[in-house]
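Take a look at the letters that make up each chain.
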Amino acid sequence: MNHHYPVLIVTLPLLFAFVVSGTAWVKKSLCFPLTVAGMGLSAWFSICLLGQVATTGPVEYRLGGWAMPWGIGYRVDTLNGMVIAVVTVLAFINLIATRKTVVQETPDKTGAFYSLYLLFVVGLTGILVTGDLFNLYVLLEVASLTSYALIGMGNGRAPMSALNYLFLGTLGGCFYLLGVGYLYIMTGSLNMADVATLLPPLFKSSAIVMAFIFCMAGVSIKMAFFPLHMWLPNAYGNAPTAAGSLIAPLMTKVMVYVLIRLMLTIFSVDFVFVILKMGPPMVWMSSLAIAAGAVFALAQKNLKRMLCYIIVSEIGYMMGGAWLGNNAGMTGAVLHIFNDAIMTLCLFLCAGSIYYRTQGLEMERLKGLFRKMPVTMACFVAGALSIIGVPPTCGFFSKWYLISGGLAAGQYAFVAALIFSSLVNAILFFRVIEISYYGDFETHNAHGSSGAAVMESPASMLVPLIIVSTGLVVVGLYTGGIVNHLIHPIVLKAGFSG
Amino acid sequence: MKAIGLIIVVLVGALLLYSTEDFPSWGDPASPASVHVAAHHLKKAIPETSVPNVVTAVLADYRGYDTMFETSVIFCAGLGCFVLLRLFKKRDDDSYYRHVATGITLHIKKDKIPDASSEFERIDTLWTPYDLIVKNVCRILAPFVQLFALYVIAHGHHSPGGGFQGGVILGASVILIAISHDMRTALGRISEKTVHILMAVGVLIYSGIGALCILMGRNFLDYAALSRILFTDKIEARSLGIFGVEVGVGITVMAVMISIYNNLSSEGRQDEGL
């Protein structure tokens, strides 16, 4: 059974997704338990897989029993092992936490919603676990298509934002596919490890350079790297609560993983940093992304849209860290994938919990919420401290690695951008906290919802939220272990010196 | 803005041209793409899978895992159309009925809609002419279309065809009924519930065969594991496994085609429409 873990992580939620979609037409009440079962099994196996990979080294799996370059293969090392674990566990927690909001927002389509939910997670885990360039594209399609549908289920302008996302997302997918096509023309293979061994003699070829640029462009659109971020705030801001807090923390992080995988495993550090010398300009772009995201976030009047622009800024952190081209920068980028997923989920769950009671997330609706929803707001503060980067929380540690990487590489603009965005984040969150702590709910609440109706969210939302926010501190305290056992082996193997 | 777009297009076009410089020449038998993996597939497909159509062998066996997710993509598309378009609200305007014996059309107020009877049939608000010839020709044609669809699915091993193409033709036969009669007739033959369950069943057959291979002690989608329950040798089992997943693909594609058509043409209400 052990060696089937990689495939079970992907195919169990897949099987459950189809069962849920069929069951929805027979017995609706079974949909949620079945989804929990599928998601839970996937999360459990991904933790087992991470344990296996951390103790015995990389795991390979041949699909259909075919040897690697001839058929499709899975390859899991600690890099994707840890991202898979965080993706499936967070998706599971989000599933439990948002049960009531799904019933509230999409009452007659819950079956289809949960089926799409599972398929989206299938897409993400499939992207993470695969060792095949084309298989990655197919799963990218699954993840994208389901996210368009999930986002389009929201109210108001959600279908329009989903359409906008669809146009840009399809463009991103096409760029990536074109890049893979170029690689196939030049090497004749789609297997990542095989392509990596065939590439070095071709490094000077213009076609390979273009393949790299196309893959990077596609992935950058998909991860909303400034200035290609236009689709993100509307799409994530207008999505239904459960879909927003699923897609926003996970999708962009998985795309950053794809970028790092392409850089480290397929094109190799030599090609990216020595032959192309793309490091410095990309770090500049990332610094710009960090600053722009922070400034845009300042201009927002809606809590969820503010969080969306913070994601744009955070993408800049990870891109910059990856392109710094040294050990600390890459370590910081990988660690930040892990940490940022947790803290973004924490904040989006808080926003979802508030929305569940207030039916709106404009800043003036937050007045007096500390008294009405103390637990939710306490968790919000924890998430905010982590995004700002206050020491015991995990956000501090990845930022520390990023800053020391920036200093080591002499990229002072990047360091300045990081510090600037931390300060802006502090302003942003203390503004929200000030409004919700000192504002008087009863007198200032001009909108329809009466003050008495707003109270603390049900326990089914609060317990997962508390788990996530304690996770912020726990992960922060275990940073040393994560870096030494999971990230350093990968970074050192890729050719960065300690 | 247009000028910027033009500049970008020209720039990307120039980059694309620049990159073709290092491409292997057109149709070069020594190019990497034709000597590495593809050559192996061409040489080994028949001895390893006993499928004469190499495209099918690559599609459903060597890269069968990709095809499973391509089918899932189709499933997602169907489900996406359903969640975005479907409205669970009855049309609240008047209805039109035809007296079957005389062909007289009746306009009935929304609160006086009669119970179902064999003497009256409901017709669409955007009235379509009643045409005996079109109706009957399409009705007679449908089974032949379906027969051809089954042939296309089953013959994918030997000739161009397979689950995707056959599934589309199967779906087209039902859509033909919906176009020539009306949507309610088509829904009477195959209801929305049936369509949605079939949608899930098709991909479940595909992924279920994959999971069965794990239960039989080999890797996911390793059809050779099925030789014990199919009472054949391992190579023949691969061929039969491919047939099994093709059937699954066909069912899903058919159901998705019908579902998307129904939702699009009736604006999600699934009662009136072409």
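Refer to the structure printed above.
Here the structure is a predicted model, which means the values were calculated and not measured. (Residues numbered from 1 in each chain as written. Chains lettered and ligands numbered in written order. Predicted model: local features only at pLDDT ≥ 70, side-chain atom pairs only at ≥ 80, totals over all residues. Heavy atoms only, no water.)

Some remarks on the overall build of chain B
- Looking only at helices and strands, one finds eleven helices and three strands in chain B.
- Moving toward the C terminus, one meets the helices and strands of chain B in the order α-α-α-α-α-β-β-β-α-α-α-α-α-α.
- Its C-alpha radius of gyration of 25 Å places chain B more than 25% over the 19 Å reference for a compact globule of 274 residues.
- Seen through its principal axes, chain B has C-alpha atoms that stretch 75 × 65 × 35 Å.
- Within chain B, the fraction of its 274 residues that count as buried is 43%.
- In chain B, the proportion of contacts linking residues at least 24 apart, taken out of those at least 6 apart, comes to 60%.
- For chain B, the computed accessible surface area is about 14100 Å², with 69% contributed by carbon and sulfur atoms.
- Side-chain charges in chain B split into 23 positive and 25 negative, and the spacing between the mean points of these groups amounts to 5 Å. (Helix = DSSP H or I, 4+ residues; strand = E, 2+ residues; numbered from the N terminus. Rg over C-alpha atoms; globule rule 2.2 N^0.38 Å. Buried < 20%, exposed > 50% of the residue type's maximum accessible area, 1.4 Å probe, protein only. Contact = heavy atoms within 4.5 Å. Areas by Shrake-Rupley, 256 points an atom, 1.4 Å probe, with all protein chains shown as cover. Lys, Arg positive; Asp, Glu negative; His and termini not counted. Charge placed at Lys NZ, Arg CZ, Asp CG, Glu CD.)

Regarding the interface of chain A and chain B
- The interface is formed by 61 residues belonging to chain A together with 54 residues belonging to chain B.
- Between chain A and chain B, roughly 5000 Å² of surface is buried when both sides are summed, and carbon and sulfur atoms account for 72% of that area.
- Viewed at the interface, chain B and chain A are joined by one salt bridge.
- Residue Arg63(B) pairs with Asp132(A) through a salt bridge whose shortest N-O separation is 2.6 Å.
- Remark: the boundary between chain A and chain B carries 17 residue pairs in polar contact (both at pLDDT 80 or more).
- For the side of chain A that touches chain B, the secondary-structure elements that each account for two or more residues are helix H1 (5-23), strand S1 (59-62), helix H5 (110-129), helix H6 (133-152), helix H7 (158-187), helix H8 (192-198) and helix H9 (206-223) of chain A.
- A class-by-class count of the residues in the side of chain A that touches chain B yields 37 nonpolar, 17 polar and seven charged. (Buried area = accessible area lost by both parts, 1.4 Å probe. Salt bridge = Lys/Arg side-chain N within 4 Å of Asp/Glu carboxyl O. Polar contact = N/O pair within 3.5 Å; in protein donor to acceptor, adjacent residues only side chain to side chain. Nonpolar A, V, L, I, M, F, W, Y, C, P; charged D, E, K, R; others polar.)

Here's the deal with the pattern of salt bridges
- Under the counting rule described, the total for this entry stands at twelve salt bridges over all chains.
- Its salt-bridge partner being Glu362(A), residue Arg365(A) comes within 3.3 Å of it at the nearest N-O pair.
- In this structure, Asp222(B) and Arg218(B) form a salt bridge, with 3.1 Å as the shortest nitrogen-oxygen distance.
- Using a relative accessible area of 4% as the deciding quantity, one classes Asp222(B) as buried.

Some thoughts on the environment of Gly40(A)
- Relative to the helices and strands, Gly40(A) is located in helix H2 (residues 31-56).
- Separated by 362 residues in the primary sequence, Gly40(A) and Leu402(A) have C-alpha atoms spaced 33 Å apart.

Focus: the pairing of S1(A)
Residue and element names in this part refer to chain A.
- Alternating positions in S1 separate cleanly, Val59 and Tyr61 being buried on one face and Glu60 and Arg62 remaining unburied on the opposite face.
- With four bridges joining them, S1 and strand S2 (residues 73-76) adopt antiparallel strand pairing. Within S2, the position partnered with Glu60 by the bridge is Arg75. (Pairing = 2+ DSSP bridges.)

Overview of the packing of aromatic side chains
- Summed over the entire model, instances satisfying the criterion amount to 31 aromatic pairs over all chains.
- Aromatic pair Trp66(A) and Tyr62(B): ring centres 4.4 Å apart, planes at 40 degrees, arrangement tilted. Placement of Trp66(A) in the loop between S1 and S2 and of Tyr62(B) in helix H4 (residues 54-62) is noted, with the two residues assigned to different chains.
- Plain terms: the ring middles of Tyr182(A) and Phe214(A) are 5.7 Å apart, the flat faces sit at 80 degrees to each other, and that makes the pair edge-to-face. Linking Tyr182(A) in helix H7 with Phe214(A) in helix H9, this pair joins segments that are 32 residues apart in sequence.
- By way of ring pairs, the aromatic residues Phe203(A), Phe212(A), Phe267(A), Phe271(A), Phe273(A) and Trp323(A) are connected into one cluster. (Phe/Tyr/Trp six-rings, centres within 6.5 Å; stacked < 30°, edge-to-face > 60°.)

Looking at unusual backbone geometry
- Going from Phe226(A) to Pro227(A), the amide bond is cis rather than trans, its omega being 5 degrees.
- In this fold, Pro227(A) is placed in the loop between H9 and helix H10 (231-238).
- Residue Gln359(A) is not a glycine yet carries a positive backbone phi of 60 degrees.
- Here Gln359(A) shows up in the loop between helix H15 (327-358) and helix H16 (369-372).
- Look at Phe231(B): it is not a glycine, yet its phi comes out positive at around 55 degrees.
- With respect to the helices and strands, Phe231(B) occurs in the loop between helix H10 (227-230) and helix H11 (234-265).
- In this structure Phe231(B) comes out as exposed when scored by relative accessible area, which is 74%.

As for the side chain of Asn135(A)
- Mapped onto the elements, Asn135(A) comes out in helix H6.
- We classify Asn135(A) as buried; its relative accessible area is 0%.
- Polar side-chain contacts of Asn135(A) include one of 2.5 Å to the side chain of Asp66(B).
- Those residues in contact with Asn135(A) that lie beyond four places of it in its chain are Ile72(A), Tyr74(A), Thr130(A), Arg63(B), Tyr65(B), Asp66(B) and Phe69(B).

Overview of the packing of H15(A) against helix H18 (residues 394-409) of chain A
Residue and element names in this part refer to chain A.
- Here H15 crosses H18 at 155 degrees, and the two axes come no closer than 8 Å. Judged on the interaxial angle alone, H18 and H15 are roughly antiparallel. Pair H15 / H18 crosses with left-handed handedness. Here Ala328, Gly329, Thr331, Gly332, Ala333, Leu335, His336, Asn339 and Met343 of H15 come into contact with H18, specifically with Cys394, Gly395, Phe397, Ser398, Tyr401, Leu402, Ser404 and Gly405. (Axes fitted to C-alpha atoms, helices over the stretch in contact; angles between N-to-C directions. Parallel < 35°, antiparallel > 145°, perpendicular 65-115°, else oblique. Left-handed = near helix turned anticlockwise from the far one by under 90°.)

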